[in-house]
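Geometric and topological summary
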Amino acid sequence: MIKHTIDLAPRNVEDGGRPFACVIMRGGEIVAESPNLVVQTNDPTAHAEVVAIREACTKLGTPDLEGCEIYVPAHPCPMCLGALYYCSPDRVIFITTRDEYAQYYKDDKKYFELETFYEEFSKSWQERRLPMDHQPDEEGLKVYERWRQLN
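This report concerns the structure included in the present document. (Residues numbered from 1 in each chain as written. Predicted model: local features only at pLDDT ≥ 70, side-chain atom pairs only at ≥ 80, totals over all residues. Heavy atoms only, no water.)

Here we look at the overall build of the protein chain
Heads up, the rule is: Helix and strand labels come from DSSP, where a helix needs a run of H or I of at least four residues and a strand needs a run of E of at least two; each type is numbered from the N terminus. Here's how the labels work: a residue is buried when its accessible area is under 20% of the maximum for its type, exposed when over 50%, partly exposed in between, all with a 1.4 Å probe on protein chains only. Contact criterion: two residues are considered in contact whenever any of their non-hydrogen atoms come within 4.5 Å of each other. For the area figures, the Shrake-Rupley method with a 1.4 Å probe applies, and any residue is considered shielded solely by the protein chains shown. In this tally Asp and Glu are treated as negative and Lys and Arg as positive; neither His nor the chain ends contributes. To locate a charge, take atom NZ for lysine, CZ for arginine, CG for aspartate or CD for glutamate.
Scanning the protein chain for helices and strands turns up seven helices and four strands. Sequence-ordered secondary structure for the protein chain, helices as α and strands as β, is α-β-β-α-α-β-α-β-α-α-α. Within the protein chain, the fraction of its 151 residues that count as buried is 32%. Counting contacts in the protein chain only where the partners sit at least 6 residues apart, residues at least 24 apart contribute 45% of the total. Roughly 10300 Å² of accessible area belongs to the protein chain as shown, and the carbon and sulfur atoms make up 53% of that amount. If you average the places of the 17 positive and of the 26 negative side-chain charges in the protein chain, the two averages end up 2 Å apart.

Describing the sheet that holds strand β3 (residues 68-74)
Operational definition: What makes two strands pair is DSSP finding at least two bridges between them. A fitted line through C-alpha atoms represents every axis, and for helices the fit uses only the stretch in contact; the resulting angles, taken between N-to-C directions, go from 0 to 180 degrees.
If you walk across this open sheet you meet the four strands as β2-β1-β3-β4, and the pairing is mixed. The two strands at the open ends of the sheet, each matched to only one other strand, are β2 (29-35) and β4 (91-96). Taken pair by pair, the neighbouring strands of this sheet meet at an average axis angle of 15°, ignoring direction. Pairing geometry for strand β1 (residues 21-26) and β2, over six bridges, is antiparallel. Within β2, the residue paired with Met25 across the bridge is Ile30.

Digging into the nonpolar core
Most often, soluble globular proteins keep nonpolar side chains buried together rather than apart. Rules: Grouping buried Ala, Val, Leu, Ile, Met, Phe, Trp, Tyr and Cys residues that are joined through side-chain atoms within 4.5 Å yields what is termed a nonpolar core.
In this structure, Cys22, Ile24, Ile53, Ala56, Leu65, Ile70 and Cys87 are the most contacted members of the largest nonpolar core, which totals 15 residues. Listed by contribution, the elements that provide at least two residues to this core are β1, β2, α3 (48-60), β3 and α4 (78-87). No other element matches α3, which puts five residues into this core. If sequence neighbours within four positions are ignored, Ile53 has contacts with Ile24, Leu65, Ala83, Leu84 and Cys87. Leu8, Ala21, Val23 and Met25 belong to the second-largest nonpolar core, a separate cluster that totals seven residues.

Next up, the structure:
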């Protein structure tokens, strides 16, 4: 499955996309696969993992991917890592580390630098590079209170 995962990424590069892909397996069968579609869709969340997770969950009719293995060519970015934690597959197999591919690929976003981004998570929201404002309103808690009542 590693070879198949690797093969998806260069095809995407040739089509004008980014060099990332994802394959989700369950019981020896491919449930979903996708290249990174950010450029093609103008959707910054259309990373390969996110697209494939959405497809797999829809096909399986479940909000998690327990029982699945997920293959990716590179160590997941923070957004994809969060999605992978949230969908809870049995295992994630990545082929290259950030250090290995850093000399070839660099993100150029205003607040995102792969070299320092993971450090942002441990900072309080007031210290992060992304400007954030907390504007409390008691009404904002009611939806969570209602969810608790129903669940």
